[in-house]
Structures are given as structure tokens and as C-alpha cells.
Amino acid sequence: MALSLRVAVLCVVLAFTSTTPAIALQSNGGGISKGEAAERARVAVNGRVLKIEQTSKNYRVKVLKKSGRVVSVEVDKRSGKVKTSKGRD
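If you're wondering where the values come from, they're calculated on a predicted model, not measured in any experiment. (Residues numbered from 1 in each chain as written. Predicted model: local features only at pLDDT ≥ 70, side-chain atom pairs only at ≥ 80, totals over all residues. Heavy atoms only, no water.)

So, about the environment of V45. When you line up the elements, V45 lands in helix α3 (residues 34-45). With relative accessibility at 13%, the residue V45 sits in the buried group. Residues V45 and V82 lie 37 residues apart in sequence; the distance between their C-alpha atoms is 10.0 Å. Filtering out sequence-adjacent residues up to four positions away, V45 remains in contact with V63, K65, V71, V73 and T84. (Helix = DSSP H or I, 4+ residues; strand = E, 2+ residues; numbered from the N terminus. Buried < 20%, exposed > 50% of the residue type's maximum accessible area, 1.4 Å probe, protein only. Contact = heavy atoms within 4.5 Å.)

What follows is about the pattern of salt bridges. Counted according to the given criterion, the structure contains 4 salt bridges. One salt bridge connects R60 with E53, and the closest N-O pair in it is separated by 3.6 Å. The partly exposed category is assigned to E53, whose relative accessible area is 26%. Among the ionic pairs, E74 bridges to R60, the shortest N-O distance being 2.8 Å. (Salt bridge = Lys/Arg side-chain N within 4 Å of Asp/Glu carboxyl O.)

This next bit is on the nonpolar core. Counting 13 residues, the largest nonpolar core has A41, I52, Y59, V61, V63, V73 and V75 as the members making the most contacts within it. The set of elements that each furnish at least two residues to this core consists of α3, β1 (47-54), β2 (58-65) and β3 (70-76). Per-element accounting of this core gives the leading share, 4 residues, to α3. When residues no more than four places from it in sequence are discounted, the contact partners of A41 are V61, V63, V73 and V75. (Core = buried A, V, L, I, M, F, W, Y, C linked by side-chain atoms within 4.5 Å.)

For N58, the position within the fold is in strand β2. Accessibility expressed as a relative area gives 14% for N58, which makes it buried. Within the structure, the side chain of N58 is placed 3.4 Å from the side chain of E74, a separation counted as a polar contact. (Polar contact = N/O pair within 3.5 Å; in protein donor to acceptor, adjacent residues only side chain to side chain.)

What follows is about the environment of A44. Residue position: A44 is located in helix α3. Taking relative accessible area as the criterion, A44 reaches 43% and is therefore assigned partly exposed. It is 9.0 Å that separates the C-alpha atoms of A44 and K83, two residues lying 39 residues apart in sequence.

This is the structure we're talking about:
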């Protein structure tokens, strides 16, 4: 019960906030942008992007799947190749 309430609250909060325009305007100067990484991750796991972090070689994108599970997806900054976690949904 508590988990489904948290998911419902998270969905309502996400419905009223959108980070897509800010993400689309940022770029790393070479390879793919944060916006492109977010879109590739979103399509790969069929969900909604929650957060993007940069490492030296990758973007780490957290995505909320339709099942309610949050998954972390690695997107290579240069090639744009998407790596999803094994053993999840």
C-alpha cells in the first residue's frame, strides 16, 4: 500500500514538472547531448526520464517504467549506445 501511494505521488509530481526543455538545451561539446541521451534511454526501456547524471564517459539516466520500477540506464557519451541493467523487468 505505501509503495503504491509513493508511486502515485511521484507520478503526480512528475506530471506537473518537466525537465525536458532544460535538458535539451545542455550539451557536452562533443558526442551526444543530455537530451539525446535521455530520449535514447526513454525509448530503450519505454518509460519516463527522472534524472540524468554525467560521468566521464557516460550519462546515467534514471527512468520510471510503466510498471512503477525505476531503472538506471547507461548511455555512452560518444556513440550513444544504451546499456540497460541486467535482471530487471
